Every structure is written in structure tokens, then in C-alpha cells.
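Letter by letter, the chains look like this.
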Amino acid sequence: MPLVGTKEMFKKAHEGGFAIGAFNVNNMEIVQGITGAAAELNSPIILQCSAGARKYANSRYLVHLVRAALEVNDIPIALHLDHGPDYATCKSCIDDGFTSVMFDGSHYSFEENIQKTKEVVEYAHSKGVVVEAELGQLAGVEDDVSVDADKAHYTKPEEVVEFVSKTGCDSLAIAIGTSHGAFKFTPEQCTRNPETGVLEPPELRFDILAEIEKQIPGFPIVLHGASSVIPKYVKIINDNGGKLKDAVGIPEGQLRKAAKSAVCKINIDSDLRLAMTAGIREHFMAHPEHFDPRQYIAPGRDYIKELVAHKIKEVLGSEGTAPAIMELINNK
Ligand code: G3H
Ligand code: 13P
Ligand code: ZN
């Protein structure tokens, strides 16, 4: 099975009330952990690389790692550029064999965002590649760009029809209260659950999501910054020498609710980082004498696999949907 685009995945996700997990990849063990879980659960998957990942690993390594995953696992996999900062990066990924790119023009003015997104869409579509665009701005850090919470702003529903029709983009990332990283909310913004002691953040703006859906019915919506910062992995990290205080993510119930709506793609990176770090820290605490990387990276990979399986079953709802997507692609 070759790499696939996201059109058919999103069509089925929309019809079936589930979402496709888009997981960030930076090395072989992350690719293996994610795709191992997806293959066992017969789930489609999007593997995405940021500009930082391409710099760290070299884009060619990432492309070949993902191709290797396709040889080993019989599931639909899309290879996506996450937060493409400019036309040149998007073009380079398209020329490298990516099947989907994001152009992130969210920090430009509305008009500039339209203009720059449109340029990427024209090139991408001429090569059969789909484009994700972003309207509204999330708080948090990605690569070298850091957006303060007070500079972030929600997507304006009244702008989406013009944006989508003028750019020709294939999916739209929106801002409804998610943010990047493992510290999405300050403790002051949250209430502490008296029974569990876990910090609970304010609800996502489902009212804005509903308004956007009304404006562009059936159009695939993307949620960035959607890690839940699962307490289990944070605890393992902290119990094994880590120092992550007051890490807070998006509660899984809210993501499940989003996945049942027009949200077709849910981006997860921080949860992968936490799972891998938990596995490696736990291993080193138990085996301080080990120094073979295979010994300590494998537990990180195992936790990534466990985490992704949990997401597919409990959050995304994409278990068992691979055959229907493959059929749609094959009958195109
Ligand atoms: O949205 C950002 C992703 O978590 C990628 O992070 O730019 O550090 O690779 P990165
Ligand atoms: P998290 O930091 O919540 O995992 O978000 C990842 C993301 O949006 C990648 O584009
Ligand atoms: Zn993102």
C-alpha cells in the first residue's frame, strides 16, 4: 500500500463520527510505536513531521522510516508536514513525497494568510497533495515560535467561508481553546478535582466549533494542541527523577466529543513525548547499570504503543476503520 492522502480518511471520519490521529514523528522508535498500535487495531493514521523534526532527523530519513512502516503494516498511512512555516518548506515536503502539508499562516493578517495559503494550495494540488490551513491562533510553543496566551485568539466563524473558498484548502485547523505543549493552562485557570487531585481546565469552546460547522458543513476540521497530558505518564516521570509540575492537557472526554463532530484530525505530540520519557526514566531508575540504547529506548517505544492504542480506542474512535478507507481509496 502506498502512502495515501487524507481525503478518504476525512470523508469516512466525518460520516462515522470518529477522528484520525495525527502523531508527530522524529525517530524510528516513535514511528514503530505509533504504527504498531494502529496496525493491531486496524486504524488509519497520519504521521506528521514538523520543520524541527525534519531538521533533527533529516527529511529523507523520516520519509524512508514512514515508507518502512508501510511495508511492515497493512494500514492507510498519510505523511503530513506539521506547521509548514513557508512556501519553500511546503514545496520541499511535496517534492520529498509527503501526501499532505500544513501551511500555518495563522500569525499573518487574514488577507496575507489567504494569499500565502493559496500559493501553497496551487502547487500542492498540481502534485495531488492536500493542504491543511489554519485560521485563529493557539497559545503555546512550536519550533521557535512561541505564542503567549494573551496573543492567542479563537477562530472567527464569520471568516471561515471566505477563507476556505478563497484559499481552496482541504482542511482547516481552528482555535477553540486547545494549545501546544504539556502546560496548556496555569493552575489558576483550572479547578482541582477534590477526589483525584487532578487539575481540570476550562471547557473548549464547543459553541465556536458548532458555529464553524454551520458555516462550512462537512468540511474537515483539525484540532491542534490536543494532548491530554495523561497523569499516568506524568506520574511515572516525576516518580523517577523528573520535574513536571502542574502539567495540564485537554480532558479526553472533550476530545471524544470533538471527534464525533466535524473534527476529523486530532494532533498529538506532547503525549508521545511524555510516554517515551516515562519509559526511559523508569528503565534507568530500575537499571542504572544499563547503557545499551536498545535496552532503554524499547520501554519508551512500548509506552508510545500503549498510549496510541488507548487514543485510538478511547478518544479517536478509529479502531477497525482501515478497511473501509482502503476500499474507498482503491475504488477512486
Ligand atoms: O505543534 C508542534 C509540535 O508539537 C511539533 O513540535 O516543532 O518541537 O517538533 P516541534
Ligand atoms: P500537543 O502539544 O498538544 O501534543 O499538540 C501537538 C500539535 O498540535 C502538533 O501540531
Ligand atoms: Zn500544532
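Residues numbered from 1 in each chain as written. Chains lettered and ligands numbered in written order. Predicted model: local features only at pLDDT ≥ 70, side-chain atom pairs only at ≥ 80, totals over all residues. Heavy atoms only, no water.

**A short note on the packing of helix H11 (residues 270–286) against helix H12 (residues 293–316)**
The axes of two packed helices give the description: the angle between them and the distance between them. At a minimum axis distance of 7 Å, the contact between H11 and H12 shows a crossing angle of 140°. Classed by the angle they form, the pair H11 and H12 counts as oblique. The two elements H11 and H12 meet at a crossing, and its hand is right-handed. Here Asp271, Leu272, Ala275, Met276, Ala278, Gly279, Ile280, Glu282, His283 and Phe284 of H11 come into contact with H12, specifically with Gln295, Tyr296, Ile297, Pro299, Gly300, Arg301, Tyr303, Ile304, Leu307, Val308 and Lys311. Each residue belonging to the contact of H11 with H12 can be placed in one class, and the counts come to 13 nonpolar, four polar and four charged. (Axes fitted to C-alpha atoms, helices over the stretch in contact; angles between N-to-C directions. Helix = DSSP H or I, 4+ residues; strand = E, 2+ residues; numbered from the N terminus. Parallel < 35°, antiparallel > 145°, perpendicular 65-115°, else oblique. Left-handed = near helix turned anticlockwise from the far one by under 90°. Contact = heavy atoms within 4.5 Å. Nonpolar A, V, L, I, M, F, W, Y, C, P; charged D, E, K, R; others polar.)

**Quick word on the site of ligand 2**
Lining the immediate surroundings of ligand 2 are 16 residues, of which Asp82, Lys184, Ser227, Asp269 and Ser270 lie closest. Residue Ala226 places a main-chain N or O atom 3.2 Å away from an oxygen atom belonging to ligand 2. The separation between an oxygen atom of ligand 2 and a polar main-chain atom of Asp269 is 2.7 Å. Calculation on ligand 2 without its partners gives an accessible area of 310 Å², and the protein chains cover 96% of this total. Taken together, the elements giving at least two residues each to the shell around ligand 2 come down to strand S3 (77–84) and strand S12 (263–268). Residue classes in the shell around ligand 2 are distributed as two nonpolar, 11 polar and three charged. (Near = heavy atom within 4 Å. Polar contact = N/O pair within 3.5 Å; in protein donor to acceptor, adjacent residues only side chain to side chain. Areas by Shrake-Rupley, 256 points an atom, 1.4 Å probe, with all protein chains shown as cover.)

**Concerning the packing of aromatic side chains**
If you walk through the whole model with that rule in mind, you get four aromatic pairs. Ring geometry for Phe110 against Phe163: centres 6.2 Å apart, planes inclined by 40°, an arrangement best described as tilted. Of this pair, Phe110 sits in helix H6 (residues 110–126) while Phe163 sits in helix H7 (residues 157–167), and the two are 53 residues apart along the sequence. On the basis of relative accessibility, which here comes to 17%, the residue Phe110 falls in the buried class. One Lys or Arg, Arg205, reaches over the ring of Tyr154 and ends 5.2 Å from the middle of that ring. The residue whose ring lies beneath Lys257 is Phe206, and the NZ or CZ to ring-centre distance is 4.1 Å. (Phe/Tyr/Trp six-rings, centres within 6.5 Å; stacked < 30°, edge-to-face > 60°. Buried < 20%, exposed > 50% of the residue type's maximum accessible area, 1.4 Å probe, protein only. Lys NZ or Arg CZ within 6 Å of the ring centre and 35° of its normal.)

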